[in-house]
Amino acid sequence: MSDRLYIFDTTLRDGEQVPGCQLNTVEKIQVAKQLEQLGVDVIEAGFPISSPGDFQSVVEISKAVTWPTICALTRAVEKDIDCAAEALKYAKRKRIHTGIGTSDSHIKYKFNSTREEILERAVSAVKYAKKYVEDVEFYAEDAGRTDNEYLARVVEAVIKAGATVVNIPDTTGYCLPEEYGKKIKYLIEHVDGIEKAQISTHCHNDLGMATANTLEGVLNGARQVEVTINGIGERAGNTALEEIAMILKCHKGLGIDTNINTTKIVPTSRMVSSLMNMPVQPNKAIVGRNAFAHSSGIHQDGVLKNVQTYEIMNPKDVGLDDNAIVLTARSGRAALKYRLEVNGVKVDDEKLNKIYKQFLVLADKKKEVTDDDVLMLAGSDASETHSVKLDYLQVTTGKGVRSVASIGLDISGQKFEAASSGNGPVDAAIKALKKIITKQMTLKEFTIQAIDKGSDDVGKVHMQVEYDGHMYYGFGADTDIVTASVEAYIDCINKFRIR
């Protein structure tokens, strides 16, 4: 009989902490419903005390999702726990996730405290949360760098206080896989009453070992893993849900199963990437554009003879449809709606009509519209509410010719025009834009990504702009990369008040 591994998805909490990747409540509900279809057991919906928006998102996700447990994060602080309990009031299955740092570094420098005081605060937090919910998870922040003997004392104490799950985070991504595995094993062997609680992993990818550490934790007895779609998260990210799910599917001999419907992996990955405006690297395991691509002649020859020579997974097992309907300018609404639904996006007729109009414009520019294009279109209507919009852009550029750009903006219904030369078409266009928007803005980061491989494909541009001491993140997409760059800059501008 196989062991059951529980999947705790924190895309909407830890994953959403990536700068520039914040979602609104409607988008979070969309992702939560997709996670439910994917088969995750626990959805960490947010950190309610952190902001009114986070609180409201937890409330609405609790209403929208049926069978997964909805979890809310807190510090070991009573007001945090009160707030989480209030946010979870509509959840069918609810969990409060509370905790505190346990490494000597956190105890000394973060809390200016002692081991005994931290132990007392941990126990008090669990007991307080237990007044609201039966299911209480405790996290020992920076457990990866915590002395095992002291960590075991903390874990034993919180289980006695009522914790049903104990999370052992490698918060800084420092542990080696063998070291992390031994830590889990030590707890199982030395904590009295460990069988009363589930041990959970939560590994970060700072040194590229998040998945390896998580797997070692599972092989040594952890039965919950905390993961994110595409491995997104703070700094270098978290353990990728899709990697753990497919490792266990491919290595059936391990005898460990999950509830994940792996055919939903690619659609979920693309939805999260599109909504968060966070590209998936082409060589990303499982969900990258090149994950099932073969360019080497030797590899191609082997795959043509027998696909198993170089592929250990069937693309259809992760949701890649070999017989996907190809969208062109002749495709109708039904085909567009089908591709949206395949990618986890459900829209009503009114929104479908809006997307279809944009689709026809794009399809006229391209030979064929990809799933990534479709997801981009599905999220592009957010610009309709922007106070600053691009009316037109005309650029003259070429070798030996100084680039000149003319731009027209609509700012809350008023029309403005400007022109400027620059060091290249993008520079000229942004200088023209800044003649109209005369705020002191500094471009800090500029990234271009082609959605696919053709010269006519949509390009995505991500920008980071500093204004008044704050960073703002913008996104633009268009078959013309200069237009996409200006749209990204305008997206940044729309995120701070124009006076």
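Throughout, residues of each chain are indexed from 1 in the direction in which the sequence is written. Two thresholds apply to this predicted model, a pLDDT of at least 70 for residue-level local features and 80 or more for giving and counting side-chain atom pairs, whereas whole-chain, interface and lining totals are computed over all residues. Processing note: side-chain calculations cover all non-hydrogen atoms of the structure and skip hydrogens and water entirely.

Caption draft 1: Structural detail: the environment of Q394. Within the element layout of this structure, Q394 appears in strand β11 (residues 388–398). Summary of the burial criterion: residues with accessible area below 20% of their type's maximum are buried, those above 50% are exposed, and those between are partly exposed, where the area comes from a 1.4 Å probe applied to protein chains only. Accessibility expressed as a relative area gives 54% for Q394, which makes it exposed. When the C-alpha positions of Q394 and P267 are compared, they lie 36 Å apart, and in sequence the two are 127 residues distant. Once residues lying within four places of it in the same chain are set aside, the contact partners of Q394 are V404, A405 and S406. A helix here means a DSSP run of H or I that spans at least four residues, while a strand means a run of E at least two residues long, and both kinds are numbered starting from the N terminus. Every residue pair with non-hydrogen atoms within 4.5 Å of one another is taken to be in contact.

Caption draft 2: Geometry of the sheet that holds strand β13 (residues 414–422). Following DSSP output, two strands are said to pair if at least two bridges run between them. Read from one edge to the other, the open sheet built from 3 strands follows the order β11-β12-β13, with strand pairing classed as antiparallel. In the strand order of this sheet, the two ends are held by β11 and β13, each with one partner. Between one strand and the next, the sheet's axes are offset by a mean angle of 10 degrees, whatever the strand orientation. Bridge count between β11 and strand β12 (residues 401–411): 9 bridges; the pairing is antiparallel. Every axis in this analysis is a line fitted to C-alpha atoms, fitted for helices over the stretch in contact. Angles between the N-to-C directions lie between 0 and 180 degrees.

Caption draft 3: Inspection of helix α15 (residues 425–436) at higher detail. Given the number of residues in a helix, its expected span is that number minus one, multiplied by 1.5 Å. Relative to the 16 Å expected for 12 residues at 1.5 Å per residue, α15 spans 17 Å between its end C-alpha atoms, a close match to the ideal helical length. When we look at burial in α15, the residues that qualify are V426, A428, A429, I430, A432, L433 and I436.

Caption draft 4: Representation of unusual backbone geometry. Residue N230 is not a glycine yet carries a positive backbone phi of 65 degrees. Considering the arrangement of structural elements, one finds N230 in the loop between β9 (224–227) and α9 (241–250). Classification of N230 as buried rests on a relative accessible area of 11%.

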